[in-house]
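# Survey of secondary and tertiary structure
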Amino acid sequence: MRAGGLPDIGVLSDVLEQSSDISIYLGPDGTVQGISVNPENASLGCLDHWVGRAFKDFLTSESAAKFAQRMTDISNSVGGVVRAIELNHMDNATWEFPVRYTMHPIADAGGLLLIGRDMQPLAEVQQRLVQEQLARERDQQLLRSEKTLFRVVLEESETPLIIVDPEKARIREINSAAAALLGSKPDTLEGNLLPQNFEGRRRGEFMDALQAAANSESARMIEAVSRRNGRVLNLRPKYFRAAGELILLCVIEPADDNELTGPEFA
């Protein structure tokens, strides 16, 4: 789609117009003398009304300043290569679109030929990436907030609680009440293998007993002796799911505080 007149550069005129998204010819005074928009690029629409108007009228204020500086650079250069420039156009008050131009002075006519590539598809991809990144950051912030809340609630609970990874047998979370019964502190115990905190308990056998008790219809407890302080403790395990992951929650109690205790397994 053409409007106005483009400089006559022979057979290359059609080639340039077809290979670019937009071609603009500016007169010496910076007015648009001619414009051609590739018909296959419908996103730019009809820009015939640019002809006869100052090119800077269709640039954002930031891009207008950038373009003016580049024009000064062109005037001061002697046969040097002029770098491409990306400009943000503004049309109909609210419509903005970025175009990357190469700039070619037309010596005989004293004008300037701008050959542009529409950057809207790239800008849209970048915008989607930014939105996705912001969404991930919001999700991570929400996750951190929920984890902080969970840790506060766990720590403030008077019930001694241990959260265990049933596959790895490692302590994922433990509150101070539970750590005190084991003769240690939460920071020391988190990440440790749970069976190592008890006397004479082999990992596989101990975890099998906990998982069997957790799967039992009746509330079963496992008796074990803390390795650090020798206290006899009862562990009451229960399964729950968090985000689809199976977790083992153990409530621990001193055995002498309970009238009924589960049998200690060998």
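Residues numbered from 1 in each chain as written. Predicted model: local features only at pLDDT ≥ 70, side-chain atom pairs only at ≥ 80, totals over all residues. Heavy atoms only, no water.

### Let's talk about the overall build of the chain
Along the chain, the regular secondary structure elements total six helices and 11 strands. With 266 residues in all, the chain has 38% of them scored as buried. When the accessible area of the chain is evaluated, it comes to approximately 15500 Å², of which 51% is carbon and sulfur surface. (Helix = DSSP H or I, 4+ residues; strand = E, 2+ residues; numbered from the N terminus. Buried < 20%, exposed > 50% of the residue type's maximum accessible area, 1.4 Å probe, protein only. Areas by Shrake-Rupley, 256 points an atom, 1.4 Å probe, with all protein chains shown as cover.)

### As for the side chain of S63
For S63, the location among the structural elements is in helix α2 (residues 61-76). With a relative accessible area of 2%, S63 lands in the buried category. Residues contacting S63, with those up to four places away along its chain left out, are L87 and N88. (Contact = heavy atoms within 4.5 Å.)

### Some remarks on the sheet that holds strand β10 (residues 232-242)
Spatially, the five strands line up as an open sheet ordered β8-β7-β11-β10-β9, and their pairing is antiparallel. The strands lining the two open edges of the sheet, one partner per strand, are β8 (170-174) and β9 (222-225). Recorded for the sheet is a direction-independent mean angle of 35° between the axes of neighbouring strands. As defined by bridge partners, β10 adjoins strand β11 (residues 245-254) across 10 bridges and the pair is classed as antiparallel. Counted as the bridge partner of P237 is C250 from β11. Against the sheet, helix α3 (residues 120-156) engages β7 (161-165) and β8, with an angle of about 80° to β8. Against the sheet, helix α6 (residues 203-215) makes contact with β7, β9, β10 and β11, and its axis sits at roughly 65° relative to β10, the strand it touches most. (Pairing = 2+ DSSP bridges. Axes fitted to C-alpha atoms, helices over the stretch in contact; angles between N-to-C directions.)

### A few points about the pairing of β11
The buried count for β11 comes to seven of 10 residues, which makes it a mostly enclosed element. As paired strands, β7 and β11 are joined by four bridges and run antiparallel to one another. Note that in β11 the partner of L161 across the bridge is V251. From the end of β10 to the start of β11, which pair antiparallel, there are two residues, and A243 there has a positive phi angle of about 55°.

### Some remarks on the pattern of salt bridges
If you walk through the whole model with that rule in mind, you get eight salt bridges. Here D57 makes a salt bridge to K56, at a shortest N to O gap of 3.7 Å. Note that D73 and R70 form a salt bridge whose closest N and O atoms lie 4.0 Å from each other. Of the two residues, D73 and R70 both sit in helix α2, three residues apart, roughly one turn of that helix. Of the residues examined, D73 reaches a relative accessible area of 34% and is grouped as partly exposed. Judged by relative accessible area, R70 falls into the buried class, the value being 11%. Residues joined in a network through salt bridges with shared partners are R151, E173 and E190. (Salt bridge = Lys/Arg side-chain N within 4 Å of Asp/Glu carboxyl O.)

### Thoughts on α6
In this model α6 runs 18 Å from its N-terminal to its C-terminal C-alpha over 13 residues, within 8% of the 18 Å that 1.5 Å per residue would give. Listing the buried residues of α6 in full gives F206, M207, A209, L210, A213 and A214. For α6, the angular spread of the buried residues around the axis is 155°, confining them to a single face. Exposed positions of α6 whose direction lies more than 90 degrees from the buried face are D208 and N215. At its buried positions, α6 is contacted by β7, β9, β10 and β11. (Expected span 1.5 Å × (residues − 1). Arc of directions from axis to C-beta.)

Take it as geometry only, folks, not as evidence of what the structure does.
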